[in-house]
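# Residue-level structure breakdown
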Amino acid sequence: MGRSGVATQALAAVDIALYDLKAKRAGLPLAKFLGSYRDSVKTYNTSGGFLNATLEEVKNRATRSIEEGIGGIKVKVGLPDSKEDLRRVAGIREHIGGDVPLMVDANQQWDRATALRMGRQLEEFNLVWIEEPLDAYDFEGHAHLAQVLDTPIATGEMLASVAEHKGLIAANGCDIIQPDAPRVGGITQFLRLAALADERGLGLAPHFAMEIHLHLAAAYPREPWVEHFDWLDPLFNERLETKDGRMIVPDRPGLGVTLSDQARAWTTESVEFGAQP
Ligand SMILES: [Mg+2]
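Residues numbered from 1 in each chain as written. Predicted model: local features only at pLDDT ≥ 70, side-chain atom pairs only at ≥ 80, totals over all residues. Heavy atoms only, no water.

## Thoughts on the overall build of the chain
For the chain, the helix and strand inventory stands at eleven helices and ten strands. Since a compact globule built from 277 residues should have a radius of gyration of about 19 Å, the 19 Å found for the chain is in line with a globular shape. Here the C-alpha coordinates of the chain stretch approximately 60 × 45 × 40 Å along the principal axes. Within the span of the chain, comprising 277 residues, buried residues form 51% of the whole. Partitioning the contacts of the chain with sequence separation of at least 6, the portion at a separation of at least 24 is 68%. A total of about 13,600 Å² of accessible surface is found on the chain, and carbon and sulfur atoms cover 51% of it. (Helix = DSSP H or I, 4+ residues; strand = E, 2+ residues; numbered from the N terminus. Rg over C-alpha atoms; globule rule 2.2 N^0.38 Å. Buried < 20%, exposed > 50% of the residue type's maximum accessible area, 1.4 Å probe, protein only. Contact = heavy atoms within 4.5 Å. Areas by Shrake-Rupley, 256 points an atom, 1.4 Å probe, with all protein chains shown as cover.)

Right, here's the structure in full:
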């Protein structure tokens, strides 16, 4: 089945569980077990700025996020009408003020010409990054944007293996790399590509799964970001603490999460493979 896709994601589940177990046996939070550089990581909210939300809703959610100690605000762009994107970004920048970190995420919606034009028009908003402006596999196009724009380019969430990330890194396709540990085969693979990214001087902002990536980001040498997403909250008994724009690494051993009763109800205790005659 190759070295990406569903086989790799299946391996990731086991790999991540084994790292959790290993750190627990050492009596350390996973971040410390890996040799962390910090006890908290800069965090930004991603789930308040989707395209289906009105500008007023995005503004209100941004205010709430900042009150909850989440420091950065990310909004989606890539509407059919680019002028509307710019109007929304201008509105949110004005609302949160110049000092709050702001990012945009195009989720691969632009072609090269649109991305360049939009990238130039977005420079005035002093964005932390522009995320996935182009097709995830257009490394050359991303590299061109990273070279000509002042605003850093972030991408990598869709890539499904270390080999694919190697291609992105070799092409100078981003300033900030956004690997997803469950998608690239787990923590073992994530650490391999994080070492390559550090070697090239790249920033790190892992994609989704903050419960895992908080630890991995804390163990990255350069100041990283972690994406705040509360979608997986129902799975776990614990909640991650955010304060003054940072997410605090829990001091519980391993990943520091236990499955909720709700999560247990969604799983079966045993599975039989293959029908026995
Ligand atoms: Mg994204």
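There is more to say after this.
## A short note on the packing of aromatic side chains
Counting across every chain of the model gives eight aromatic pairs. Judged by centre distance (6.0 Å) and plane angle (70°), the ring pair of Tyr44 and Trp225 falls under edge-to-face. A residue pair is termed long-range when its members are at least 10 positions apart, and Tyr44 in strand β1 (residues 40-45) and Trp225 in strand β8 (residues 225-228) qualify at 181 residues. The pair Tyr44 / Trp225 is uniform in exposure class, with both members buried. Each member of the aromatic cluster is reached from another via a ring pair, and the members are Phe50, Phe208, Phe229 and Trp231. Above the plane of the ring of Tyr19 lies Lys22, whose end atom (NZ or CZ) is 5.6 Å from the centre. (Phe/Tyr/Trp six-rings, centres within 6.5 Å; stacked < 30°, edge-to-face > 60°. Lys NZ or Arg CZ within 6 Å of the ring centre and 35° of its normal.)

## Section: the coordination of the magnesium ion
Distances from the magnesium ion to its protein donors, Asp105 (OD), Glu131 (OE) and Glu157 (OE), fall within 2.0 to 2.3 Å. Counting gaps between the donor residues of the magnesium ion yields the pattern D-x25-E-x25-E. Of this pair, Asp105 sits in strand β3 (residues 102-105) while Glu157 sits in the loop between β5 (153-155) and α7 (162-170); the two residues are 52 residues apart in sequence, bridging distant segments of the chain. (Donors = N, O, S within 2.8 Å, 3.2 Å for Na, K, Ca; no water.)

## Here's the deal with the nonpolar core
One finds Val75, Val89, Leu102, Val104, Trp110, Leu122 and Ile130 to be the most contacted residues of the largest nonpolar core, which totals 27 residues. Of all the secondary-structure elements, those providing two or more residues to this core are α3 (55-67), β2 (72-76), α4 (82-96), β3, α5 (112-122) and α6 (139-148). If we ignore the near neighbours within four places in the chain, the residues touching Leu102 are Ile73, Val75, Val89, Ile92, Arg93, Ile96, Leu127, Val128 and Trp129. In this structure, Tyr19, Ala181, Ile187 and Tyr220 belong to the second largest nonpolar core, which totals 25 residues. (Core = buried A, V, L, I, M, F, W, Y, C linked by side-chain atoms within 4.5 Å.)

## A closer look at the side chain of Ser40
Along the chain, Ser40 turns up in strand β1. For Ser40, a relative accessible area of 14% translates into the label buried. Within the local environment of Ser40, its side chain forms a polar contact with the side chain of Arg246, the two groups lying 2.6 Å apart. With residues near it in sequence (within four places) discarded, Ser40 still touches Arg246, Met247, Ile248 and Val249. (Polar contact = N/O pair within 3.5 Å; in protein donor to acceptor, adjacent residues only side chain to side chain.)

## A closer look at the packing of α7 against helix α9 (residues 187-199)
At a minimum axis separation of 10 Å, α7 and α9 run at an interaxial angle of 10°. When the interaxial angle is binned, α7 and α9 end up roughly parallel. In contact with Val162, His165, Lys166 and Ile169 of α7, α9 contributes Gln189, Arg192, Leu193, Leu196 and Ala197. Of the residues in the contact of α7 with α9, the class split is five nonpolar, two polar and two charged. (Axes fitted to C-alpha atoms, helices over the stretch in contact; angles between N-to-C directions. Parallel < 35°, antiparallel > 145°, perpendicular 65-115°, else oblique. Nonpolar A, V, L, I, M, F, W, Y, C, P; charged D, E, K, R; others polar.)

## Considerations on α6
Within α6, burial applies to Phe139, Gly141, His142, Ala143, Leu145 and Ala146. At its buried positions, α6 is contacted by α5, β5 and α7.

## Examining the environment of Trp110
Examined against the element boundaries, Trp110 turns out to sit in the loop between β3 and α5. The class of Trp110 is buried, set by a relative accessible area of 7%. Once the C-alpha coordinates of Trp110 and Asp135 are considered, the two residues, 25 residues apart in sequence, prove to be 7.7 Å apart. The contact partners of Trp110, leaving out residues within four places of it in the chain, are Val77, Gly78, Asp85, Ala115, Met118, Leu122, Ile130, Pro133 and Leu134.

## As for unusual backbone geometry
The residue Asn126 is not glycine, and still its phi comes out positive at about 50°. Tracing the backbone shows Asn126 in the loop between α5 and β4 (130-131). Backbone geometry at Asp244 places phi at a positive 50°, although glycine is not the residue there. Positionally, Asp244 belongs in the loop between β9 (242-243) and β10 (246-248). Residue Asp244 is classed as exposed on the basis of its relative accessible area of 68%.

## Describing the side chain of Thr242
Assignment of secondary structure puts Thr242 in strand β9. A relative accessible area of 18% means that Thr242 is categorised as buried. Of the polar contacts made by the side chain of Thr242, one reaches the backbone oxygen of Glu68; its length is 2.6 Å. For Thr242, the contacting residues outside a window of four places in its chain are Thr43, Glu68, Gly69, Ile70, His228 and Met247.

These values are about where atoms sit, not about what they do.
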